[in-house]
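One letter stands for each residue in the lines below.
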Amino acid sequence: MKKIRNFSIVAHIDHGKTTLSDRILEDTGAVPKRKMQAQLLDGMELERERGITIKAKAVRLKYKDYILNLIDTPGHVDFSYEVARSLRACEGVLLLVDASQGVEAQTVAHAHLAQSLGLKVIPVMNKVDLSQSDADIAEEQIWEVLKDPISAERVSAKTGAGVDKLLQRIIDDIPQPQGSPAGKARGLIFDSFYDPFRGVIIYVRMIDGKIKAGQTLKLLGANFSSKIEEVGFMTPTMEKGAAISSGEVGYVVAGIKDIRQVQVGDTITLADDPAAAPLPGYQQIKPMVFASIFPIESTEYPLLRTALEKLNLSDSSFTYQSETSKALGFGFRLGFMGLLHIEIVKERLEREFGLSLIATSPNVIYQVKFTARKSHPQELHALADVGDGYKWIDNPANFPPYGDIIDIREPTIKINIVTPIVYMDAVMTLLKDKRGVYISLEHLSASRVMINYYMPMAEMVIDFYNKLKSISKGYASFDYEIDLYRSADVVLMEILIHGTPVDALSIITHKDRAQSRGRALCEKLKELIGRQQFEVAIQARVDGKIIARETIPAFRKDVIAKCYGGDITRKRKLLEKQKEGKSRMKSIGRVDIPQEAFVAMLKIEE
């Protein structure tokens with residue numbers, strides 16, 4: 001164990017984590033130069049296309065006579081759960097900062113998380129080869145964040161300058177793993193994925209004892225046992241090994257076909273000589289943004305269920321449960337960490353499992369207090385209790401009738417924005433428009449500030465990220481944490497198409513903005529639905545009142561084209577006959593809503 005070092009690389013998005021991982025793999029000889037390629041650890045096609053890391057990746061490296069277990073992590077705020085999981089499997093962390101940009105919002109968040117877990121933090125200034133970089137200023141900013149003047153390593157992940165010195169610093173400064181090699185086997189499951197031929201592959205960090213092939217493992221949380229077929233290490237390809245011992249990170253194949261048995265954060269031990277107590281697992285993740293996903297073809301519903309089970313194994317930060325929509329049929333209600341998370345999960349489902357899907361507008365989870373009545377639908381009675389008479393509601397379609405609502409609480413977030421001073425006024429104006437409440441303003445340097453505000457989470461869900469990047473020309477970055485639930489004057493806005501409420505288009509909005517949003521949505525839907533054989537009314541309804549309306553005129557054949565002169569009564573008779581036919585069609589007609597209408601919900605304010 002004295003020769004083992006476990007560490008993670010964390011940073012804000014685009015600060016060079018994956019490039020530094022590539023250089024470390026190259027310098028330690030883990031990958032021959034002829035096989036080396038950019039973003040080597042980002043094996044997912046989606047990661048390569050977007051140039052971002054979505055999944056944390058573990059890899060075992062041999063350097064001098066030491067074993068280094070490196071975990072490369074995502075940088076986007078939506079995947080902070082991946083970072084939190086990775087840090088709990090390590091003793092140290094490389095806090096990477098782009099020397100040309102300085103400290104960003106996620107840098108601050110990751111630094112505080114690493115310090116709270118008691119990890120050894122090594123600051124690293126990256127991109128020092130760029131002419132516009134200023135490593136001295138960036139280092140001072142890091143000292144302000146860490147409240148400790150720890151000397152930073154200066155590297156260029158692109159050219160490889162300074163990486164050798166950094167590797168030596170990892171060996172010297174990061175402590176060896178703690179644990180009992182002779183104790184009863186205990187390991188923490190920090191990740192897993194599904195292989196169609198071998199079943200669930202478990203990634204484990206052994207704390208005490210050791211495990212090897214032929215033994216029977218036991219999952220303490222699931223109370224499930226299975227025979228170990230193979231153990232090994234990621235180097236970065238899967239390489240079979242004799243055993244995984246205390247302090248090491250490796251993979252386990254145990255022929256587990258039921259993917260519901262394996263939970264990230266569970267403790268692995270041996271069935272013959274089990275450990276008495278499980279390891280402290282991970283904090284249960286609580287998603288705050290919800291959206292529904294439906295297959296375009298209703299016959300693909302069972303395939304979507306299987307796809308979600310398999311995807312949830314490798315990304316446990318989203319939750320799902322089945323639901324039914326009158327407009328879209330059978331589907332699933334999913335909980336996510338943020339908007340990018342929704343986009344990534346939907347795209348992975350479509351690419352990896354060949355599904356065609358519709359996603360509804362994202363919304364947050366509310367606490368609603370209302371007068372319970374026997375006439376309420378079963379779904380309303382079955383809602384989970386919060387306490388004090390409030391119920392959790394994560395779907396606008398489940399809102400009680402407006403006359404029965406006593407109070408609605410919405411989730412608020414504490415948002416930290418790091419921006420150059422020149423954009424400070426514009427950013428604070430945006431926060432005010434989004435119903436933000438000022439907390440504090442901190443100067444990180446002569447040219448950068450950190451703005452702290454409280455803001456309703458529902459306002460962040462609606463194009464906040466795009467507007468922030470637009471007004472700051474891409475220089476502002478933000479991070480947030482969930483705060484309290486606070487009472488708010490929000491209302492349910494229903495969309496009626498041809499007199500029928502469409503549950504999938506219902507949204508929760510602030511009362512002051514209901515009219516403008518309702519009008520914008522009706523106008524957008526009028527463009528997208530197109531003309532029918534009968535007149536169609538599109539209406540927005542709040543508290544039983546229609547607040548916006550658009551009318552799609554009917555297609556009309558020119559029935560009087562064949563009348564060449566003659567009495568006016570002939571023309572009138574033909575027009576009346578047409579009018580009767582249209583009204584009869586209107587009474588029995590139904591409108592098919594194109595899937596673009598559901599996508600339009602995300603773009604109302606553009």
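1. Overview of the sheet that holds strand β10 (residues 216-219)
So, point 1. Taken together, eight strands build an open sheet; the order of strands is β11-β10-β16-β7-β8-β15-β12-β13 and the sheet is antiparallel. In this open sheet, the two strands that pair with only one neighbour each are β11 (224-227) and β13 (238-241). Across this sheet, the average inter-strand angle for adjacent strands is 40 degrees, counted without regard to direction.
So, point 2. By the bridge criterion, four bridges tie strand β12 (residues 230-234) to β13 in an arrangement that is antiparallel. If you follow Met234 over to β13, its bridge partner there is Met238.
So, point 3. Against the sheet, helix α7 (residues 301-314) touches β7 (186-195) and β8 (199-208), its axis set at about 140 degrees to β7.

2. Structural notes on the environment of Val345
So, point 1. Take Val345: it is sitting in helix α8 (residues 339-353).
So, point 2. Residue Val345 is classed as buried on the basis of its relative accessible area, which comes to 1%.
So, point 3. Separated by 33 residues in sequence, Val345 and Asn312 have C-alpha atoms that sit 9.6 Å apart.
So, point 4. Setting aside chain neighbours within four positions, we find Val345 in contact with Leu311, Asp315, Phe318, Leu334 and Phe336.

3. Some thoughts on the packing of helix α10 (residues 424-433) against helix α12 (residues 464-471)
So, point 1. Contact pair α10 / α12: the axes reach a minimum separation of 9 Å and the direction vectors enclose 160 degrees. Here α10 lies roughly antiparallel to α12, going by the angle between them. Relative to α12, the crossing made by α10 is right-handed. On α12, the residues touching Ala426, Val427, Leu430 and Leu431 of α10 are Phe464, Lys467, Leu468 and Ile471.

4. Details of the nonpolar core
Inside soluble globular proteins, nonpolar side chains tend to come together where they are buried.
So, point 1. With 52 residues, the main nonpolar core has Leu349, Tyr366, Ile415, Ile417, Leu431 and Phe464 as its most contacted residues.
So, point 2. In contact with Ile415, other than residues within four places in its own chain, are Leu431, Ile451, Asn452, Tyr453, Met455, Phe464, Phe478, Asp479 and Tyr480.
So, point 3. By size, the runner-up hydrophobic cluster in this structure holds 25 residues, among which are Val103, Val108, Val121 and Ala152.

Quick notes on the rules
- Residues numbered from 1 in each chain as written.
- Predicted model: local features only at pLDDT ≥ 70, side-chain atom pairs only at ≥ 80, totals over all residues.
- Heavy atoms only, no water.
- Pairing = 2+ DSSP bridges.
- Helix = DSSP H or I, 4+ residues; strand = E, 2+ residues; numbered from the N terminus.
- Axes fitted to C-alpha atoms, helices over the stretch in contact; angles between N-to-C directions.
- Contact = heavy atoms within 4.5 Å.
- Buried < 20%, exposed > 50% of the residue type's maximum accessible area, 1.4 Å probe, protein only.
- Parallel < 35°, antiparallel > 145°, perpendicular 65-115°, else oblique.
- Left-handed = near helix turned anticlockwise from the far one by under 90°.
- Core = buried A, V, L, I, M, F, W, Y, C linked by side-chain atoms within 4.5 Å.

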